[in-house]
Amino acid sequence: MRRNGPFAIGFMALFALFMLAPIIVVLGVSVTPTGYLEFPPSGLSLRWFRAILDNPDFIDAAINSLKLGVVSATLATLVAVPAAMAIDRRRFHGREALLAFFMSPLMVPTVVLGIAFLRFLTLIGFNGTFSGLAVCHAIIVTPFVLRLVLASLSGLDRAVEKAAVALGASDWTVFRRITMPSILSGIIGGWVLAFITSFDEVTVTIFIVNPSTTTLPVRLFSHIAQTTDPLVASVSAVAILFTVAVMLLVDRIYGLDRLLIGEGAK
Amino acid sequence: MAFLELNALTKRFGPVTAVDRISFNVEQGSFVSLLGPSGCGKTTTLQMIAGFENVTSGKITLNGRDLAGVPARHRGLGIVFQSYALFMHMTTAENVSFGLEMRGVPGAERKIRVARALDLVHLSHLSDRYPRTMSGGQRQRVALARALVIEPELLLLDEPLSNLDAKLREEMQLELRRIQREAGVTTLMVTHDQAEALALSDRVVVLEKGQVQQEAAPFDVYETPHTAFVSSFIGKSNTLPATLVSGDASGSIVECAGVRLQAGATPLAAGPVQIAIRPERIEVVDDGAVLTGKVSERVFLGNQWLLTVATPVGNLLVLRRNAGRSEADIGDTVGLAFRRVDLRILASSEAAA
Ligand SMILES: Nc1ncnc2c1ncn2[C@@H]1O[C@H](COP(=O)(O)OP(=O)(O)OP(=O)(O)O)[C@@H](O)[C@H]1O
Ligand SMILES: [Mg+2]
C-alpha cells in the first residue's frame, strides 16, 4: 500500500477537525459554570448536567425519542425486508412503481410531508398520539432500510438459494437459514440508520407532536427559541455520550465495520 | 429403459429457442458430459433437469419416474453450481450437514455421514473452516461433499472446474473422476471444455445451438465426428470445402481446389462436401508426398511443434511430436502425407458452423 503524503495527511486532519469541531464546541459549552453559552469554557462545572434533572420534560422527551426510534425503525424493517425481497426477486408489473412508492418519502420535501401528515392524522383523530407519530416516522425511514436491504440482496448469489432448495429446503427454511443470515448486515445496518434518522427528525415531527409526545430534538428546538442557556449543550453532550456508548457496544458485539461497510471477515 | 432419459426436451424464452428437442440417455453409474460452446443451452438443460426452469415441451424421466410437476426440492438431486454456491455463513461441516438436516436425519447419524463425505473429498481437516478462508479447489470439494452426502440418484455438475486455474483444473479432473467412481453416483456434467469432457466422461453429448449434434463415447466423438461442427469443436481439425467425386464402402475420391485426393469411406452421394483431417494425422515425409507446401508459421509447444503449411488446397495445420531434432523452418518446402481413412468426409450442410 502506498503511504500517504503530507498533503493527504493534512487534508484528512482538516476533514476530521471539521467533523469534530461542532462536537468539541458542544462538549466544551456543556461544562461551563456560566449562565450563558461560552466557549472555551471559563471553568469546569457539572451545573448544566444537574439542570437536566430539574427539567424532567427533557428526560421524557429523550425517552419518547428512544421509543419512537425503536418502534419506527422496527416497523420500517418489517415492511422493507419483504418489499425488498419482492422487488429484487419477482418480475411483476408495477415493480418499478412499487419501488418508487417506497422511496418517495425521500423525494417529497419534508415540510410538505409534515403538513400532509398533520392534516391526515387530524382527519382520522390520531394527531399527537404516539402511534400516529410512530407510523409517520416509519414511513420516513423505510427508504433507508429498503435501500440497504436491496443492496445486500443484489450482492447475493441466487445459486446459493437454489442449492438450498435442491438439498430439500422449503421456501421459508431457505429464507430463515440462508437468505436472512446472508443479508443480516444489510438489515441491521438499515435498522440502525432508520433509528438514527428517526431520532433526530425535526421538520416533520414538529408538525405532529403534542406536549406529551414531544421528542428530544423538538424539545431542544423550542427551548432554544425561548432562552439561550447552556442546558441545550449539556443535553446534547449526554446524547453524544450515549451514541458513543451504543456504538462501542455494537462494535464489541457485531463489529462496526461489518455494519457500516458490510461484508468483512467473519 | 435408461436411468435418466431426456425426450425431445425443449425450452423457449420468448422467441429464443434455447434448447431444441434434446434427447439422450444416461445409464446408471455412468459419467456423461454435455459439451458445447457458450450459449448452446447447456445450463438451461441442467436447470430443467434440476427443476429450476420450466420445461416448454418434452419429457424428463429419472429411474422410471416422470419429473414433470415434481418441485426441485423433492427431486433429491445433488447439484454443484459453477459458483459453488456455498453457504458463506456456515462452516464446511455445517454446509455438508444442511441437506441431511432437511431430510430429518438424526444428529448422531448426521455427524457420521458428514465425516464420511468430507473424508471422500479429502477435506476432514477443514471441517470447522468458513468458505471465505478456503481456496478455490477446497471450496469445490465442499460443494461436492455437500451434493454427495444426501446420496443423490443423480449428480449434476455445471462447469465445475471452470473457476480453477489450469494446474488445479487438471488435478481436480482426476479427483472428480475418483470421487464419482467411489460414490458410484450417476453424473451429468456440463462443460464447454472439450478436453475436460473427453478426459472425464463415459459418454459425451455434443450440443450446438440447442440441438444434439452427436452422442458417443469420447474416442468415437474424436475419431468419427458426425458433423463439421463436432470435428472442429473437439480437438483441432483442418476443415475444407470439397466435392465428392465418387465413393463407396472402401474409400472415396474428392476434389479440393482442383486437387484430387483419396479419402475415407462415406455414405454420402457425390456433390459438395466438407473434408476434415486432424493435424496430428498429417506426416511430414521425404518421399510419397500427397501434397507439398511451404511452412508459413511455426510454433513450439514443448512436446510438439505446430506448423502451418500453405498447400494448393489451402493452409493446413500440422502437429509434429518433438523428437529432440530441429523442425522444418518457416519458408521450407515440405511434403505431406496421410492415410486415406484419416481424411474424413462430412456433409456440407453444416458448413455454416
Ligand atoms: N432467462 C432467460 N431469458 C432469455 N433467454 C435466456 C434465459 N436464459 C438463457 N437464455 C438464452 O438461452 C440460450 C442458452 O443459455 P444457457 O445459459 O443454457 O447457455 P450455456 O450453454 O449454459 O452457455 P455458457 O457456456 O455460456 O454457460 C442463450 O442464448 C441465452 O441467451
Ligand atoms: Mg452455462
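Residues numbered from 1 in each chain as written. Chains lettered and ligands numbered in written order. Predicted model: local features only at pLDDT ≥ 70, side-chain atom pairs only at ≥ 80, totals over all residues. Heavy atoms only, no water.

Draft legend 1. View of the layout of surface pockets. For the largest pocket, the calculated volume is near 970 Å³. Around the largest pocket, the lining comprises 30 residues; the ones closest to its centre are Arg90, Arg158, Val165 and Asp171 of chain A together with Phe52 of chain B. Of all elements in the fold, only α3 (56-89), α7 (158-166) and α8 (171-199) of chain A together with β4 (57-62) of chain B reach the threshold of two or more residues within the lining of the largest pocket. When grouped by side-chain class, the residues that make up the lining of the largest pocket number 14 nonpolar, five polar and 11 charged. (1 Å grid on protein atoms, 1.4 Å probe; cavity = no way out; pocket = protein on both sides within 12 Å on 5 of 7 lines; lining within 4 Å. Points joined across faces, edges and corners; volume = space filled by probe spheres on them. Helix = DSSP H or I, 4+ residues; strand = E, 2+ residues; numbered from the N terminus. Nonpolar A, V, L, I, M, F, W, Y, C, P; charged D, E, K, R; others polar.)

Draft legend 2. Seen up close, the UniProt feature "transmembrane region" (unreviewed entry) in chain A. Residue and element names in this part refer to chain A. UniProt marks residues 7-31, 68-87, 99-124, 130-150, 183-210 and 230-250 with the feature "transmembrane region" (unreviewed entry), using the numbering shown here. Secondary structure content for residues 183-210 is 75% helix and 0% strand, while the C-alpha to C-alpha distance between its ends is 38 Å. Strand forms 0% of residues 230-250 and helix 95%; the C-alpha atoms that close the span are 30 Å apart. (UniProt positions renumbered as here; feature names shortened; annotations may be inferred.)

Draft legend 3. Representation of empty space enclosed by the protein within the structure. Residues and elements named next belong to chain B. In total, this model carries four cavities of 30 Å³ or more according to the counting rule given. Elements with a minimum of two residues in the lining of the largest cavity: α7 (218-223) and β14 (271-277). In this model, the second largest cavity occupies a volume close to 60 Å³. Along its surface, the second largest cavity is lined by Asn238, Leu240, Leu261, Ile275, Ala276, Ile277, Leu291, Val313, Leu316, Phe338 and Leu343. Secondary structure elements with two or more residues in the lining of the second largest cavity: β11 (238-248) and β14. Here the element with the most residues in the lining of the second largest cavity is β14; it accounts for three residues. Partitioning the lining of the second largest cavity into residue classes produces 10 nonpolar, one polar and no charged.

Draft legend 4. Structural detail: the interface of chain B and chain A. Contacts between the two partners involve 22 residues from chain B and, on the opposite side, 20 residues from chain A. Of the roughly 1900 Å² buried between chain B and chain A, counting both surfaces, carbon and sulfur atoms make up 63%. Ranking the residues of chain B by area buried against chain A places Arg73, His89 and Arg132 of chain B at the top, with a combined share of 30%. Inspection of the region where chain B meets chain A yields one salt bridge. (Contact = heavy atoms within 4.5 Å. Buried area = accessible area lost by both parts, 1.4 Å probe. Salt bridge = Lys/Arg side-chain N within 4 Å of Asp/Glu carboxyl O.)

Draft legend 5. The environment of glutamine 211 of chain B, seen in detail. Residue and element names in this part refer to chain B. Within the element layout of this structure, glutamine 211 appears in strand β10 (residues 211-216). Overall, the relative accessible area of 33% leaves glutamine 211 in the partly exposed class. Along the primary structure glutamine 211 and arginine 139 are separated by 72 residues, whereas in three dimensions their C-alpha atoms are 33 Å apart. Look past the residues within four positions of glutamine 211 in its chain and what remains in contact with it is Asp20, Arg21 and Val206. (Buried < 20%, exposed > 50% of the residue type's maximum accessible area, 1.4 Å probe, protein only.)

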